[in-house]
Amino acid sequence: VKNRAIAIGASTDGIAAISRIVAALPTDLAAPVFVVQHVGRRSSGQLPGILRNLTNLLVIAPEQGELIEPARIYVAPPDQHMVVHEGRIHLSRGPEENYTRPSVDVLFRSVALAYGAGSIGVVLTGYLSDGTVGLLAIKDRGGVAIVQDPCDAGVPGMPGSALAHVAIDHRCKLDDLAPLLARLVGEDPVDVPAREQLVIEDRIAAGRATTADVAALLATATRTTFRCPRCWHPLYALAEPRIRRYRCARGHAFTTASLGEAVDGSRPRAAPWA
Ligand SMILES: [Zn+2]
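Quick caveat: nothing in here was measured; it's all calculated off a predicted structure.

K.L.:
I'd like a rundown of the pairing of strand β11 (residues 234-237), residues and numbers included.
P.N.:
Of the two faces of β11, the one lined by Pro234 and Tyr236 and the one lined by Leu235 and Ala237 are each fully buried. With three bridges connecting them, strand β10 (residues 222-227) and β11 associate as antiparallel partners. Within β11, the residue paired with Arg223 across the bridge is Tyr236. Taken together, β10 and the strand that follows it, β11, pair antiparallel across an intervening segment of six residues, in which Trp232 is found at a positive phi of about 70°. The pairing of β11 with strand β12 (residues 245-247) spans two bridges and is antiparallel. Note on β12: the bridge partner recorded for Tyr236 is Arg247.

This is how it looks when you write it as structure tokens:
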């Protein structure tokens, strides 16, 4: 069996949903689990403590460079992107995507690169669209895309957006997710090579992109009349037929859902879930 990894993303109402899944995961799970829950910038990061009371799997608030092991749950800290590279956790203050850091898309993209067809992405409850772009990356590599059934989610926005844009493999009620994940971890995947755009976008979030990387990405994009609501640089529409996405040269990223009314030139906004 090739290397498998599970990545879970949630926003509003996510702590309860993540707790239900983690409590039901088998303790001999043959894969690491990476979790991004949107939290405020000044949050104390309480999720690892909550999860430790629910499972015998080791729950880790990772340090920079933390070694990745199976049967462990890695929870992204507040105000940092969590990406995986060469078997270790990398924490970064790279540009926010859809106003969020940590971002589900950022985590999923790095998992898609690192684990290829072994990646399993799960989008849970939350407003707007974080996770949709990340699931597209996971599907592009041959991985498995899963959403919580929007009818079963506290807030249907994020899983609903993923269903609208991604060829989802499994749409599940919360209580069916842990058994599904346990089963998928035992299955053998078939890899698909990564596209250059995925590699570059992963580097941007990790704070490792060169000027040439950004130029190469924007060369395939179309400049718009919109301005980045975070830094006011021009926004470029990326070449992506499945969902309309924008980036500025500083690396801030948006889908139409998160850009929302800000594109008409109004002032920068706070994160919608804060
Ligand atoms: Zn920007």
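K.L.:
Break down helix α1 (residues 14-24) for me, citing the residues and quoting the values.
P.N.:
Among the residues of α1, those classed as buried are Gly14, Ala17, Ile18, Ser19, Ile21 and Val22. Packed against the buried residues of α1 are β1 (5-10), β2 (33-37), α2 (47-52), β4 (72-75) and α6 (174-185).

K.L.:
Can you tell me about the sheet that holds β12, naming the residues and giving the values?
P.N.:
The sheet built from four strands is open, its strands ordered β10-β11-β12-β13 with antiparallel pairing. Both outer strands of the open sheet, β10 and β13 (253-255), are each paired with one neighbouring strand and no more. Sheet twist, expressed as the mean angle between neighbouring strand axes with direction ignored, is 35°.

K.L.:
Quick rundown of the confidence of the model for the chain? Include the residues and the values.
P.N.:
The predicted model of the chain averages 93 in pLDDT, with 94% of residues at 70 or higher. Every residue in residues 263-268 scores below 50 in pLDDT, and together they form five contacts with partners more than four places removed in sequence or on other chains.

K.L.:
Describe the coordination of the zinc ion, listing the residues and the values that go with them.
P.N.:
Coordination sphere of the zinc ion, protein contribution only: Cys228 (SG), Cys231 (SG), Cys248 (SG) and His252 (ND1), at 2.2 to 2.3 Å. Coordination at the zinc ion is tetrahedral, judged from the four donor atoms that bind it and the angles of 104 to 117° they form at the metal. Expressed as a motif, the donor residue spacing for the zinc ion is C-x2-C-x16-C-x3-H. Of the two residues, Cys231 sits in the loop between β10 and β11 while His252 sits in the loop between β12 and β13, which places them 21 residues apart along the sequence. According to the relative accessible area criterion, His252 is buried, its value standing at 11%.

K.L.:
Explain the nonpolar core to me, and be specific about the residues and the numbers.
P.N.:
With 32 residues, the main nonpolar core has Phe34, Met82, Ile89, Leu107, Phe108, Val111 and Leu135 as its most contacted residues. For this core, the elements supplying multiple residues, two or more each, are β1, β2, β5 (81-85), β6 (88-92), α3 (104-115), α4 (132-140), β8 (144-148) and α5 (157-165). Among the elements that make up this core, the one with the highest residue count is α3 (six residues). Apart from residues no more than four positions distant in its own chain, Met82 is found in contact with Phe34, Val35, Pro62, Tyr74, Val75, Ala76, Ile89, His90, Leu91, Val106, Leu107 and Ser110. Core analysis: the second largest hydrophobic core is formed by 31 residues, Ile8, Ala178, Leu181 and Leu184 among them.

Cut-offs applied
Residues numbered from 1 in each chain as written. Predicted model: local features only at pLDDT ≥ 70, side-chain atom pairs only at ≥ 80, totals over all residues. Heavy atoms only, no water. Buried < 20%, exposed > 50% of the residue type's maximum accessible area, 1.4 Å probe, protein only. Helix = DSSP H or I, 4+ residues; strand = E, 2+ residues; numbered from the N terminus. Pairing = 2+ DSSP bridges. Contact = heavy atoms within 4.5 Å. Axes fitted to C-alpha atoms, helices over the stretch in contact; angles between N-to-C directions. pLDDT = per-residue confidence, 0-100. Donors = N, O, S within 2.8 Å, 3.2 Å for Na, K, Ca; no water. Tetrahedral: all angles 85-135°; square planar, octahedral: opposite > 155°, others 65-115°. Core = buried A, V, L, I, M, F, W, Y, C linked by side-chain atoms within 4.5 Å.

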